[in-house]
Amino acid sequence: MMTFAMRALLISLLLLVTTESSAWQNASQETAAETQARIDAIARELERRSAAMQQRARELSATEKQVQQLDQRIAAVASQLAELATSLQRTNQRIDELQQQQQQLIAEQKQQQQWLAKQVDMAYRIGEHDLLKLILNQEEPAEIERLHGYYGYFNRARLQKLDELKATQAELEEVTAQVASEQQQLAQQKQQQEQQQQRLEQEKAEQQKLVRQLNQEQRQDQSRVAQLEQDQRELENVLAAIIAALRDEPQLDGLRQLKGKMSWPTQGNVQRIFGRSRSGGVKWKGILIDAAEGTPVKAIADGRVIYANWMRGFGLLLVLDHGDGYMSLYGHNQTLLPNVGEVVRRGEEIARVGQSGGRESPALYFEIRLKGDPVNPTQWVR
């Protein structure tokens, strides 16, 4: 028997859970809006980073092209240096030959100087006066002729050696100057080529540094984009789940449209006792369905659990709010399956038949109420 206090409690529970349901829907809608806002923010960040990656890719391409050009220029300079090294090798070989020639000329010059020194010494010792002495002493004419020829030959040889010495000295000076010139020229060319290669290597190092920096930034952005895309997917899944939950959230509009179309909550023998008097003059506000213990008890319509606990006189009692002031009550259960606040669907198992609350045999007590007033269940279910 349901007292006035029990009815007031159920009505309060109905109002409380209805308010909670509305608040939950509003909170879910707010969560969906916040999630969508985060997805939009991530999309904007993805767009910004993607644009930065595209710009960086263009910069990277241009920089890599510059590195390629520098590589080609370095290769050209290296080739020139290789050619210069070959020329330097040939020049050094030529210098070696010139230096050998120079040494020969120096040796020849020394010999010429020594020979001339001997001639001078001999000329000094013999002297031109010997010829004059021979003539004045009226020596034999044949002897005079012989000595005169000797002196002529001696003077001509000495003059020739002097000319040869001058030529050797001139050639030696020319060779020495040529060696110095070629050495200086090659040294300058090598220095210029090495400086150019050094500059190109420095430029290449800077370009490669820029390439590494751009690649690092690119990898960081790619990693961040991958993380953002993952976050976006997860948020989209959350949003989809929220939207699905909102879409699947039953519209608890009451039972008016279902009157006469709903099934009995359990299988068993229906005792149509609604409105009959009970002991003490109290009338039945519902019906009893005799059924085997453990028989499934199912929701007659979509609803939200607003009470699921033991209550004196009803045992384990479960109350569903169907919206628009409609409630259904299920008592004397063996066990209750959903918890308060959960949404159940029409035909979903919510309890099992028992004999809690002091019954001597298993049965389901079942009521339907409209704005707290009981209505005859037999007019609503079939």
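The preceding data block contains the structure.
Residues numbered from 1 in each chain as written. Predicted model: local features only at pLDDT ≥ 70, side-chain atom pairs only at ≥ 80, totals over all residues. Heavy atoms only, no water.

Peer 1: Can you break down the side chain of H332 residue by residue, with the values?
Peer 2: Structurally, the position occupied by H332 is in strand β6 (residues 326–336). Under the relative-accessibility criterion, H332 is labelled buried at 7%. (Helix = DSSP H or I, 4+ residues; strand = E, 2+ residues; numbered from the N terminus. Buried < 20%, exposed > 50% of the residue type's maximum accessible area, 1.4 Å probe, protein only.)

Peer 1: An account of the nonpolar core is needed here, citing residue identities and associated values.
Peer 2: Ranked by size, the top nonpolar core spans 25 residues in total, and within it L255, I300, L320, Y330 and I350 carry the most contacts. Of all the elements in the fold, those that place two or more residues in this core are β2 (287–290), β5 (315–323), β6, β8 (349–353) and β9 (363–370). In terms of nonpolar packing, the next biggest core, distinct from the first, is built from 13 residues, M311, V319, M327 and A363 among them. (Core = buried A, V, L, I, M, F, W, Y, C linked by side-chain atoms within 4.5 Å.)

Peer 1: Let's hear about the pattern of salt bridges: which residues, and what values?
Peer 2: Across all of its chains, the model carries eight salt bridges by this definition. With a closest N to O distance of 2.8 Å, R48 and E45 form a salt bridge. Here R48 pairs with E45, and both are found in helix α1 (residues 4–126), just three residues apart, close to one helical turn. Among the salt bridges present, the one from R56 reaches E217, with a minimum N-O distance of 3.1 Å. Taken as a pair, R56 in helix α1 and E217 in helix α3 (residues 141–248) lie far apart in primary sequence, 161 residues in all. Among the residues examined, R56 registers a relative accessible area of 11% and is labelled buried. According to the relative accessible area criterion, E217 is partly exposed, its value standing at 27%. Residues joined in a network through salt bridges with shared partners are E45, R48, R49, R56, E217 and D221. (Salt bridge = Lys/Arg side-chain N within 4 Å of Asp/Glu carboxyl O.)

Peer 1: Break down the environment of S50 for me, citing the residues and quoting the values.
Peer 2: As for its position among the elements, S50 is in helix α1. C-alpha separation for the pair S50 and V225, spaced 175 residues apart in sequence, amounts to 7.7 Å.

Peer 1: Summarise the pairing of β2; cite the residues concerned and give the values.
Peer 2: Relative to β2, strand β1 (residues 269–271) is paired through three bridges, and the arrangement is antiparallel. Counterpart to Q271 in the pairing with β2 is L288. (Pairing = 2+ DSSP bridges.)

Peer 1: Would you mind going over the packing of aromatic side chains in detail, with residue names and values included?
Peer 2: Counting across every chain of the model gives four aromatic pairs. When the centroid spacing of 5.5 Å and the interplanar angle of 40 degrees are considered together, the rings of Y330 and F366 count as tilted. Of this pair, Y330 sits in strand β6 while F366 sits in strand β9, and the two are 36 residues apart along the sequence. The burial state of Y330 is the same as that of F366; both residues are buried. (Phe/Tyr/Trp six-rings, centres within 6.5 Å; stacked < 30°, edge-to-face > 60°.)

Peer 1: I'd like a rundown of the pairing of β5, residues and numbers included.
Peer 2: Burial of β5 is extensive: eight of the nine residues sit out of reach of the surface. By the bridge criterion, seven bridges tie strand β4 (residues 303–311) to β5 in an arrangement that is antiparallel. Each bridged residue has a counterpart across the sheet, and for M311 the counterpart in β5 is G315. Counting the residues in the hairpin turn of β4 and β5 gives three residues, including G313, whose phi is positive at 90 degrees. Here six bridges tie β5 to β6, and the two strands are oriented antiparallel to one another. The residue of β6 that forms the bridge with V319 is L329. Between β5 and β6, which follow one another and run antiparallel, lie two residues, and D324 among them has a positive phi close to 55 degrees.

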